[in-house]
Each structure stands twice: as structure tokens, then as C-alpha cells.
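# Structural features, examined
Listed here are the chains, written in short residue letters.
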Amino acid sequence: MKVFPAVLFLITFWSLEWDPVLPDSIIHIGAIFDESAKKDDEVFRMAVADLNLNNEILETEKITVSVEFVDGNNPFQAVQEACELMNRGILALVSSIGCMSAGSLQSLADAMHIPHLFIQRAPAGTPRSSCPSTSHPQPDDYTLFVRPPVYLNDVIFQVVMEYTWQKFIIFYDTDYDIRGIENFLDQTSQQGMDVSLQKVESNINMMITGMFRTMRVEELHRYRDTLRRAVLFMSPATAKAFITEVVETNLVAFDCHWIIINEEISDMDVQELVMKSIGRLTLVRQTFPLSQNSSQRCVRSNHRINTSLCDPKDPKAQMLEITNRYIYDTVLLLANTFHRKLEDRKWHSMASLSCIRKGSKPWQGGKSMLDTVKKGGVSGLTSLLEFNDNGTNPNIYFEILGTNYGEDRGRGVSRLGTWDPIHGLNGTLTDRKLENNMRGVVLRVVTVLEEPFVMVSENVLGKPKKYQGFSIDVLDALANYLGFKYEIYVAPDHKYGSQQADGTWNGLIGELVFKRADVGLSALTITPDRESVVDFTTRYMDYSVGVLLRKAERTVDMFACLAPFDLSLWACIAGTVLLVGTLVYLLNWLNPPRLPMGSVSSTTLYNSMWFVYGSFVQQGGEVPYTTLATRMMMGVWWLFALIVISSYTANLAAFLTISRIENSIQSLQDLAKQTDLPYGTVLDSAVYDQVRSKGMNPFERDPMYSQMWRMINRTGGAENNVEESKEGIRKVKYGRFAFVWDAAVLEYVAINDEDCSLYTVSNSVADRGYGIAMQHGSPYRDIFSQRILELQQNGDMDILKLKWWPRDSPCDLYSPVGTRKSGSALDIHSFAGVFFVLAAGVVLSCLIATVETWWTRRKGSRVPSKETQADRPSVRQDEPCHEPQTDIMLTLRPSSNHLSPACCATPLDSKLRHTFAIPSRTVFCQH
């Protein structure tokens with residue numbers, strides 16, 4: 001016998017006037033576990049350790065425990081160990097054993113007035129049967145039944161009734177107490193069902209081999225027919241081995257349907273059973289409702305449960321047995337009971353009790369402690385643990401899972417329904433195997449209008465409305481192939497459906513939940529919350545969140561031709577022209593070039609500037625420069641001009657064909673970062689819930705969605721959100737607003753916008769899809785899913801998509817500027833600045849011409865003075881003066897003021913003499 005040391009705090013009964021401060025008090029709990037349940041001990045000690053770290057419940061008090069292991073089939077040993085624990089001084093006894101020893105402990109607890117919290121443990125994971133000795137608990141009993149009563153009979157009877165089975169066989173393993181299904185057999189007999197029973201031996205292979213050896217061929221055929229419908233009352237391990245054997249020996253085919261019922265079936269067991277089986281498989285197991293908010297799954301009132309036990313993704317939590325969960329919650333319940341006793345100043349500390357000594361009195365504080373435990377309740381790993389008047393836990397929920405028919409070992413498992421003692425079965429179960437023929441079936445379809453999925457195509461007064469859209473096309477394709485007909489109507493509240501405060505559903509989902517419709521069809525996304533109440537087919541189109549925005553208006557820039565260069569660059573170019581022109585002039589002034597005879601060009605500053613400007617705009621020049629320095633300067637200038645003009649031409653083309661927009665929104669991240677443009681979605685929609693969950697979940701918080709949620713939830717969501725998607729689209733088109741909605745819907749709206757004024761941005765990752773919703777357990781789900789996969793595989797689904805989302809749309813869905821996808825010619829606005837410069841140059845030229853004309857006339861009207869005439873050289877009368885000729889040349893003649901014969905000469909102009917560096921005695925002759 002193992003005895004764990006414990007420090008005993010022995011004081012007598014305290015009255016109501018006790019001192020509230022309990023120095024170094026110790027709360028002692030005893031536990032008795034089956035020797036095969038080592039994990040129960042591990043979880044028990046983990047619960048005590050967690051509560052000892054929680055100062056809010058017991059404050060300075062600590063819990064100590066004493067644990068003993070016994071043989072579950074030895075009641076004498078169980079009683080002996082319980083007496084030893086009571087002798088050490090315990091306030092409560094926790095036991096996790098089988099029925100054989102439970103009755104003895106129940107009698108001992110009643111005699112010693114020790115609260116006994118009994119957790120029934122089934123041997124080797126087999127289904128539970130009600131304990132005969134504890135089947136009728138009384139209010140005065142000191143034993144509290146932590147695990148709820150066994151409801152397997154009620155659950156399996158309702159399941160087979162829903163499946164309308166009339167003939168089936170029940171298999172049970174050697175550890176199962178067949179007396180547990182007596183009530184079920186009585187009920188099936190009253191219904192006239194043909195039920196057979198067969199025990200599965202430990203050596204399954206030998207059992208199957210013996211059947212083949214002893215049965216004739218006709219008997220084997222009849223046995224195979226019997227195996228088409230079977231119920232298995234056995235542990236998951238035995239069920240896996242049994243299914244493997246019957247599948248390998250071809251005793252079952254793909255049209256069989258088996259039901260496995262056991263409270264203790266883990267997720268891993270479900271996957272392995274599905275992989276090993278063929279045909280259809282239904283699994284019934286106990287389930288514990290989890291909080292929808294993952295951040296609250298480990299928090300229970302004033303206590304936080306160990307993460308390794310409450311996180312469904314943790315491997316340790318996945319391997320928890322049901323008894324482990326109830327043990328943890330039992331310790332939590334006792335801790336809260338001790339907390340209330342301390343607060344009520346009614347603490348009863350106990351001395352050691354002796355079970356063997358005659359005349360031993362029971363614990364005086366046992367009744368008060370028992371009543372406090374029964375009045376309390378905690379929320380823990382088993383959802384809610386509480387007791388009714390007779391000391392039983394009424395809270396239990398069953399989950400019904402199932403697969404479709406077929407030989408595919410990797411087929412999916414879906415939730416068909418739930419069961420609880422109050423509401424019974426929640427879900428629709430049917431065993432009718434559908435082929436590719438639904439002729440004669442008329443389905444009632446509920447929908448929500450959403451372009452382009454479902455739209456009204458014809459609405460004639462007095463006639464049923466006709467509908468069109470992508471989802472309608474998919475439904476028609478299914479109807480044409482399967483042969484069914486349908487009647488369609490719009491959900492009364494025009495909503496997809498969300499869960500209300502009272503737990504009910506409205507909208508399209510509510511119509512299916514309340515069985516007013518068979519099929520739900522629209523732009524309906526598959527979400528976990530919706531899948532918990534209805535069934536979905538496989539997705540027929542991917543879904544992602546998108547944003548609809550209005551394109552920016554194009555602004556008219558009169559001087560777009562100047563846009564390629566910045567103003568400072570234009571100023572630098574103008575200054576460079578002036579600088580280079582001046583340098584050219586200075587270089588020629590310092591080193592005058594040798595000009596050919598007859599040239600009239602001059603190297604004035606004006607001509608140098610004009611030459612530099614002409615070469616810059618690639619129009620050439622008139623002044624020839626022959627010096628090496630000037631040519632070097634002009635060579636570098638021409639290279640500079642070539643680069644500048646080429647860069648300007650290339651950049652101008654880009655500016656005239658591409659419209660730039662500042663601060664444009666090109667992704668969901670851009671939308672979330674800015675706050676100038678308000679945005680929102682439809683209240684209580686799937687998009688609204690998605691943004692809220694990803695923005696508020698502390699464990700999976702997305703910064704982008706957190707920023708979006710702050711904007712969407714501004715003033716409680718009433719400011720930026722709308723009631724319908726049409727209202728959101730209208731706000732985008734005629735106001736400053738961005739609408740967050742299904743990307744597929746928004747793309748259709750942008751494609752069909754008359755003036756192409758809308759564009760969309762979306763999330764490239766498709767995290768869910770659109771599906772067809774049906775009632776829980778609908779017989780049409782599998783056949784619909786199969787046909788949808790065929791449509792996707794042969795390309796018909798892509799053809800239906802192109803009908804509503806064409807690739808050759810005239811509108812550009814992703815451009816933030818108001819342009820059409822086909823492009824447009826350059827308009828007058830693009831060249832307005834060029835024409836303006838030309839007009840300014842024409843006006844300025846006219847003004848200069850007017851001034852020059854006025855100046856020339858004014859200069860010509862002046863009469864020359866006598867001194868000027870006397871200074872002019874005279875021509876001899878007898879020598880005629882020839883008319884000016886075309887050829888002009890310079891000659892050097894020593895002359896005073898007269899020319900040689902046969903010449904008409906004038907003194908050389910001073911400017912011309914200076915420009916060409918001609919000596920003062922050189923005269924200008926014309927020939």
C-alpha cells in the first residue's frame with residue numbers, strides 16, 4: 001500500500017464566531033483511482049497544482065492530496081484504502097473506478113458522512129453501462145455522480161429510427177456489459193425491428209476465420225447482407241481491429257452503413273476509423289461545447305485552466321480521456337466549495353475518522369459540506385458541472401458524425417447533428433443512398449439577391465419571379481444532370497443569416513435551420529459558425545475579401561508639356577543656354593576666326609546666343625566657328641543638347657500616356673493604413689464577422705484587420721456600415737466611401753459600371769469559398785458535391801464564370817484612374833500648353849515686327865547732314881559706277897578717300913571692321 005505524506009491540521013468543530021484568519025490551514029482531499037488509470041492521477045495532481053497557484057480562490061490556503069490505487073474489481077481493497085484516507089483526515093473523497101467497487105464506496109461514504117464524488121470509469125475504453133448498485137440515487141446520499149447518467153440507449157434508438165432501419169446486427173466486445181442495452185432491445189422489439197446480437201472475441205482474426213470455416217456459402221451471403229447495417233458497442237481500439245478484418249475478408253461492401261457508439265472516441269480515433277472503413281460510417285460520441293472565442297477557452301470565471309488541457313490543438317489535450325476532464329472539473333468544484341465555506345464563516349475542519357472502531361461517529365460537518373458542493377457549479381473542461389437534487393450531473397451532449405457512401409478511404413467527415421436529454425436530436429438523418437437520378441424531387445430553395453450570383457430576370461405581375469445569375473446557372477447545371485426541379489424564394493429579411501442573442505438564426509441560414517427550405521443558394525460563404533448548424537457542399541468558387549473604390553478624376557493640366565522636367569531643371573537649362581552663348585562669344589572675341597571672302601556673318605553676342613539656341617533645339621545655326629576652342633565648346637554643347645532632348649522626349653511620352661495618381665489605394669494594407677477615406681461593410685455579415693474575429697482575437701490578431709476593425713466599428717458600427725450591399729455600392733459611386741465586401745461581387749459591379757468609374761482591390765489569398773447550404777444531414781449534399789467536382793474538372797464551371805466575369809471587359813478593374821481598358825487617343829488638353837506657347841510666340845513676334853517697322857521708318861526719314869556728305873568719297877564723273885554685284889570681296893588698297901577706277905566704294909562700317917578685324921585703311925569694293 002502506498003501512503004503519500006500529508007500534514008494534518010487537526011482542530012475541533014468551529015462555531016459561527018470563529019476567527020476568520022486561519023493560520024497555515026490545510027485542505028486535504030483523498031482520491032482512489034483504478035490501478036490502470038495513471039493518467040487520472042496525473043490530471044488530478046495537475047488540477048491541484050493549478051489551484052494552489054491561484055490566490056483568488058483559496059487565497060493563502062493550499063490543497064494537499066492523498067492518492068491510492070486499487071483493483072477496480074476488488075471492492076474490499078477499495079473500502080480498505082478509503083478508510084485509510086479518512087483516518088488521515090480528508091474533507092472529500094474523489095474516486096475514478098468501475099461499478100463493482102462504486103457501491104461499496106457509496107455505502108462507506110453514507111456511513112461516515114464524507115462527500116464522495118464518483119467518476120465512473122469503463123474498462124478498457126468500452127462504452128459505459130449503468131451501475132446497478134447506483135442506478136437509483138437518493139437526495140440524502142453522500143455520493144455525487146460526476147459523470148452524467150448513461151444515455152446511449154436513448155441516443156442510438158433515435159438514430160436508428162431516423163435512419164428507418166428495420167434489420168441490423170449489434171456487435172459488442174468482451175468488456176461491455178450487455179445489460180446496458182436491455183432498454184434499447186426492448187424498444188426495438190416494440191417497433192418490430194429485427195435485431196441480432198454478436199459478441200466480438202478478443203482474437204478477431206480467429207473469430208472471422210472460424211466463421212468462414214463453419215458457414216456454408218448461402219449462410220455467408222445472408223451474413224454479408226446482415227452486415228450491411230450494423231451497430232458497434234465497443235472500444236475504439238476493438239472497432240478498428242474488427243473493421244480492418246471484415247474489410248480485408250470482403251464481408252462488407254461500399255454500400256454498407258455502420259454506426260459506432262461510444263462516449264470515448266477522440267478525433268484521432270475518428271480519422272483512423274474512417275481510413276479503415278468503407279461504405280458509410282456514423283459515429284456517436286460525447287462532446288463538450290467550446291467557447292466560440294478561442295481566447296476564452298482556457299479562462300473559467302476566476303480560474304485559468306492549464307493550456308495543455310484546454311487548447312484543442314495541443315497534443316496533450318487531444319489525448320485526454322473523458323474521466324480526465326471530469327477529474328479536473330471535480331477538483332475545481334471542490335476548490336470553489338471550500339472558498340464559499342471560508343467566506344460564509346461555516347468551515348468545519350475534521351479530525352481523523354476510524355471506519356473499523358465500533359461506535360465511531362461520522363463527520364459532523366459532512367452534511368453542510370455536501371450541501372455546499374451540490375449547490376455549486378463550475379464551468380471547466382466538461383462545459384458545465386453541476387448537480388441536481390438527487391446528486392447527478394444532468395449536463396451531457398452527444399455529437400453525431402458521418403461520412404458518405406463510397407470506397408474512398410480519405411473521404412471527409414461531417415457533423416450530422418447533436419443530441420441532448422432536453423432537446424433530443426438536432427439534425428436530419430437519412431440513410432437513403434442517392435444515385436445520379438433525382439427525378440420527381442422538388443427542392444425548395446431559399447436565396448438572397450446578390451449580383452451577379454442571384455438576380456431577378458423577370459418579374460411579371462401575377463407570375464412567379466424568374467431568376468438569373470452565376471449561382472442560378474450552377475443550380476440549373478445540377479438540375480439538368482440530376483433531374484430534380486426547384487422552387488425558389490427570397491429570404492424574408494433579405495439576409496444571409498447570423499446567430500442572434502437567444503441562439504437562433506435569422507436570414508437564409510434560419511430558413512434551413514427551421515426546415516422551411518431544403519437548399520440555400522446565393523453568394524453564401526462557408527464559415528465554421530454556419531457549418532455548425534447546416535451542411536455545405538464542396539465549394540464551387542473561391543472567396544476573398546475585396547474593396548470597391550471610386551477611380552480618381554483626371555485633372556486637366558494646361559502645361560502638361562512641361563511636366564517631364566521640374567521647374568528648377570527648366571531654369572537650369574535656360575541659364576545654360578545663356579551661359580554657353582556668352583562663352584562662345586567671348587572665345588571668338590579673344591581669338592577671331594578667319595572667315596572666307598564674301599562672308600557677311602558676324603560673331604556678335606546676339607548671333608552667338610541665337611546659334612546656341614538653334615543647336616539646342618536641333619535646328620542648326622548660321623555662324624561658322626573655325627577655332628579649336630569654339631568647336632570643342634560646341635561639341636560638348638551638342639552632346640549635352642542631345643541627351644537633354646532625348647530624355648525630354650521619352651519622359652513626355654510617358655506623361656502623356658500614363659496618368660499618375662497620388663496616395664492611391666492598391667491593396668487592403670493601403671486601405672487599413674489610411675484614415676482619410678471612410679470604409680465599411682454590411683452589418684452582421686460574414687465579412688463583418690471575419691474582420692471582427694481577425695481583428696479582436698488576441699491569439700491570432702492580424703494588424704491589418706485590427707486597423708480595419710477600428711474603422712468599421714467606429715461608433716458601434718452604425719457610422720460606416722450599411723444594411724445591404726447595394727447601399728454600400730451606391731455610397732462608393734456617389735460619395736467618398738470604400739466598400740469592403742466579397743471580391744467576386746465587387747468585380748462584377750466594376751465590370752458593368754457604365755462610365756467605368758469604379759475599381760477593386762482584393763486579398764489574393766482565398767481562405768474560404770462559396771457553397772450550397774442544406775439542412776443538417778441532408779441526403780443531397782454528397783451527390784451535389786460530387787457533381788460540382790465534375791463541373792470543375794471538365795471545365796464547365798469556368799465557362800459559367802466567364803459568362804458573368806468576362807475577360808474582355810471594356811473597364812479596367814484594377815486601375816485607380818478613370819480610363820478604359822482599350823485605351824484612348826490624346827486629347828486637346830494634353831497639348832494645350834504647347835498651343836499656348838505657340839500663340840504667345842506669334843503674338844510676341846507680331847509685336848517685335850511692329851516695333852522694327854516703326855524703327856526702320858523712323859531712321860529712314862532722317863535727312864543726312866552736310867558734314868556727313870562731305871566725308872563721303874566722291875566718284876569721278878567720267879567713270880560710271882557699276883551696279884552692286886552678287887559677289888563681294890575685300891581688297892586692301894592704299895587710298896586716301898577715293899577708290900580706284902571702275903569701283904563703287906564706301907568707307908567700311910566700323911562694326912564690320914571691328915568684327916572681322918580689318919585694318920582702318922581697308923576699303924570695301926563691289927565687282
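What you see as residue numbers is a count from 1 along each chain, following the sequence as written. With pLDDT at 70 or above as the cut-off, local features in this predicted model cover only qualifying residues; side-chain atom pairs require 80 or more to be listed or tallied, and sums for whole chains, interfaces and linings still use all residues. For side-chain calculations, the full set of non-hydrogen atoms in the structure is used, while hydrogens and water are omitted.

Secondary structure elements follow DSSP: runs of H or I of four or more residues count as helices, runs of E of two or more count as strands, with numbering from the N terminus. Within the chain, the regular secondary structure consists of 29 helices and 33 strands. The proportion of buried residues among the 927 residues of the chain is 47%. Pairs at least 24 apart in sequence give 74% of the contacts found in the chain among residues at least 6 apart. We get accessible surface area from the Shrake-Rupley algorithm with a probe of 1.4 Å; when it comes to residues, only the shown protein chains can shield them. Looking at the chain as shown, the accessible area adds up to about 47800 Å², and 54% of this sits on carbon and sulfur atoms. Exposure categories follow from relative accessible area, calculated using a 1.4 Å probe and restricted to protein chains: below 20% of the type maximum is buried, above 50% is exposed, and the middle band is partly exposed. In this analysis, two residues are considered to be in contact whenever any of their non-hydrogen atoms come within 4.5 Å of each other.

Now for the pattern of salt bridges. A side-chain nitrogen of Lys or Arg and a carboxyl oxygen of Asp or Glu constitute a salt bridge if their distance falls within 4 Å. Enumeration over the complete set of coordinates arrives at 22 salt bridges. A salt bridge links glutamate 511 to arginine 516; the nearest nitrogen and oxygen atoms lie 3.2 Å apart. With a relative accessible area of 7%, glutamate 511 lands in the buried category. Of the charged contacts in the structure, one is a salt bridge between arginine 539 and aspartate 542, with a shortest N-O distance of 3.0 Å. In this structure arginine 539 comes out as partly exposed when scored by relative accessible area, which is 31%. You can call aspartate 542 partly exposed: its relative accessible area is 47%. Salt bridges linked by common partners bring Asp267, Arg285, Glu399 and Arg415 together as one network.

Moving on to the state of the cysteines. Two cysteine sulfurs form what is called a disulfide whenever their separation falls within 2.5 Å. All chains considered together, the criterion is met by 1 disulfide. Here cysteine 99 engages in a disulfide with cysteine 131; their sulfurs sit 1.8 Å apart. On the sign convention where negative means left-handed, the S-S torsion of about -70° between cysteine 99 and cysteine 131 marks this disulfide as left-handed. Taken as a pair, cysteine 99 in helix α3 (residues 99-112) and cysteine 131 in the loop between β4 (116-120) and β5 (143-145) lie far apart in primary sequence, 32 residues in all. Judged by its relative accessible area of 24%, cysteine 99 is partly exposed.

Moving on, we get to the sheet that holds strand β26 (residues 679-680). Read from one edge of the open sheet, 4 strands run β26-β27-β25-β28, paired in mixed fashion. Each end of this open sheet is capped by a strand with a single partner; those strands are β26 and β28 (758-762). Note on pairing: two strands pair once DSSP finds at least 2 bridges between them. As paired strands, β26 and strand β27 (residues 738-742) are joined by 2 bridges and run parallel to one another. Paired with tyrosine 679 across the bridge in β27 is alanine 738.

What follows covers the nonpolar core. Among the buried residues, those of types Ala, Val, Leu, Ile, Met, Phe, Trp, Tyr and Cys that are joined through side-chain atoms within 4.5 Å form a nonpolar core. Within the largest apolar cluster, 89 residues are counted, with the highest numbers of intra-cluster contacts made by Phe453, Phe470, Phe484, Tyr540, Phe739 and Phe784. Per element, the largest residue contribution to this core is 8 residues, and it comes from helix α14 (residues 470-482). Not counting the four nearest positions on each side in its chain, phenylalanine 470 is found in contact with Pro452, Phe453, Tyr540, Met541, Met797, Leu800, Lys801, Trp804 and Trp805. Of all hydrophobic cores here, the second largest spans 67 residues; its members include Leu51, Ile305, Phe338 and Phe387.

Right, let's get into α14. For α14, which comprises 13 residues, the first-to-last C-alpha distance of 18 Å matches the rise-based estimate of 18 Å (1.5 Å per residue) to within 8%. Along α14, 10 of the 13 residues are buried, which leaves the element largely enclosed by surrounding structure. Residues Phe470, Ser471, Ile472, Asp473, Val474, Leu475, Ala477, Leu478, Ala479 and Leu482 constitute the buried set of α14. Looking one or two residues past α14, glycine 483 carries a phi angle of roughly 90°, positive in sign. Here the expected span of a helix is defined as 1.5 Å times the quantity of residues minus one.

Further remarks concern a negative patch on the surface. A cluster of acidic residues, Asp684, Glu723, Glu724 and Glu727, forms a negative patch on the protein surface. Inspection of the secondary structure assignment puts aspartate 684 in the loop between β26 and α21 (686-696). Like-charged residues are merged into a patch within 9 Å and nonpolar side chains (Val, Leu, Ile, Met, Phe, Trp, Tyr) within 5 Å, provided each residue has over 30% relative accessible area and no salt bridge. By the counting scheme adopted, Arg and Lys are positive, Glu and Asp are negative, and His together with the chain ends is not counted. Where a charge sits is defined by one atom per residue type, namely NZ (Lys), CZ (Arg), CG (Asp) or CD (Glu).

Here we come to the packing of aromatic side chains. A pair of Phe, Tyr and Trp rings is counted when the ring centres sit within 6.5 Å of each other, with Trp represented by its six-membered ring. The angle between the planes then sorts it: under 30 degrees is stacked, over 60 is edge-to-face, the rest tilted. Per the stated rule, a full pass over the model turns up 25 aromatic pairs. Ring centres 6.2 Å apart and planes at 40° place the aromatic pair phenylalanine 171 and tryptophan 258 in the tilted group. A residue pair is termed long-range when its members are at least 10 positions apart, and phenylalanine 171 in strand β6 (residues 167-173) and tryptophan 258 in strand β9 (residues 257-261) qualify at 87 residues. The exposure classification of phenylalanine 171 matches that of tryptophan 258, with both residues buried. Taken together, the ring pairs in this structure connect Phe453, Phe470, Tyr540, Tyr543, Tyr770 and Trp805 into an aromatic cluster.

Shape descriptors only; they carry no functional weight alone.
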